[in-house]
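# Inside the fold
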Amino acid sequence: APGWYGQPAVGILIKNDNSGAPDGAGMITFFGDLYVYGDPCAWSTTRPDTPSTTVDELVAALTAQASRDATAPVDVTVNGHAGKSITLRVPDDAEFSECDDATFGSWGVPGPDPAPFRYHQDPGQIDTLWILDVDGTLAVIDMAYYEGTPQSDIDEMEAIVNSATFEAP
């Protein structure tokens, strides 16, 4: 679709170079184990000791996050890989300036840096996640948008997700 920019090789796409509120849209992919914070605003003190390594573990951790109202998980398949989809929302009244390092973050990655690898741009951000098992590796496709994002942009992101393929590095 026209108007998508970014780094497809590393899994980042942004519509019309605008990923922020009130009408931006973007996509990002993640692979591997993820440390889901118990509280996205207080992430520095709520990082678990062990990461989520499976679809079910990641869905359970995300749906349990403080201040998030996750939708019920739905079974999905992308390119023959089974998983679940959920939608999360950053609260409209989230005060990022009151969060650890002024960052509202969903998860981190293995390693010594506890800072969020997936952090959010603005209050009200909506993230529809496709959480997949790709040959034993956790894969997440994150479609981020807002209430004001044109439906055509959301439809394009869904088409991109449904056309995704996975290859070993």
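Residues numbered from 1 in each chain as written. Predicted model: local features only at pLDDT ≥ 70, side-chain atom pairs only at ≥ 80, totals over all residues. Heavy atoms only, no water.

### Digging into the side chain of Ser 85
We apply this condition: The way it works is that DSSP assigns letters per residue, a run of H or I at least four long becomes a helix, a run of E at least two long becomes a strand, and they are numbered from the N terminus. Pairs of N or O atoms within 3.5 Å make up the polar contacts considered here, provided that, within protein, one atom can donate a hydrogen while the other can accept it, and that residues adjacent in sequence are counted only when both atoms are side-chain atoms. We call two residues in contact when some of their heavy atoms are within 4.5 Å.
Tracing the sequence through the fold places Ser 85 in strand 6 (residues 81-89). A polar side-chain atom of Ser 85 sits 3.0 Å from the main-chain carbonyl oxygen of Leu 129. Apart from residues no more than four positions distant in its own chain, Ser 85 is found in contact with Ala 72, Pro 73, Val 74, Val 76, Thr 128, Leu 129 and Trp 130.

### Regarding the pairing of strand 2 (residues 12-15)
Selection rule: Here's how the labels work: a residue is buried when its accessible area is under 20% of the maximum for its type, exposed when over 50%, partly exposed in between, all with a 1.4 Å probe on protein chains only. When DSSP locates at least two bridges between a pair of strands, those strands are taken to pair.
Burial of the side chains of strand 2 is restricted to one face: Leu 13 and Lys 15 are buried, whereas none of Ile 12 and Ile 14 on the reverse face is. Here strand 1 (residues 4-7) pairs with strand 2 via four bridges, running antiparallel. Residue pairing for strand 2: Trp 4 is matched across the bridge by Lys 15. Hairpin connection, strand 1 to strand 2: the antiparallel pair is bridged by four residues, and Gly 11 has positive phi, about 85°. Sheet topology note: the strand 2/strand 3 (residues 25-31) ladder contains three bridges and is antiparallel. Across the sheet, Leu 13 pairs through a bridge with Met 27, a residue of strand 3.

### Points about unusual backbone geometry
Cis geometry is found at the peptide bond from Ala 21 to Pro 22, where omega equals 5°. Residue placement: Pro 22 occurs in the loop between strand 2 and strand 3. For Ser 67, which is not glycine, the phi torsion reads 70° and is therefore positive. One can find Ser 67 in the loop between helix 1 (55-63) and strand 5 (74-78). Residue classification places Ser 67 among the partly exposed positions, given a relative accessible area of 42%. For Asn 79, which is not a glycine, the phi torsion comes out positive at approximately 55°. Following the sequence through the fold, Asn 79 ends up in the loop between strand 5 and strand 6. Relative accessible area serves as the criterion here: at 39%, Asn 79 is assigned to the partly exposed category.

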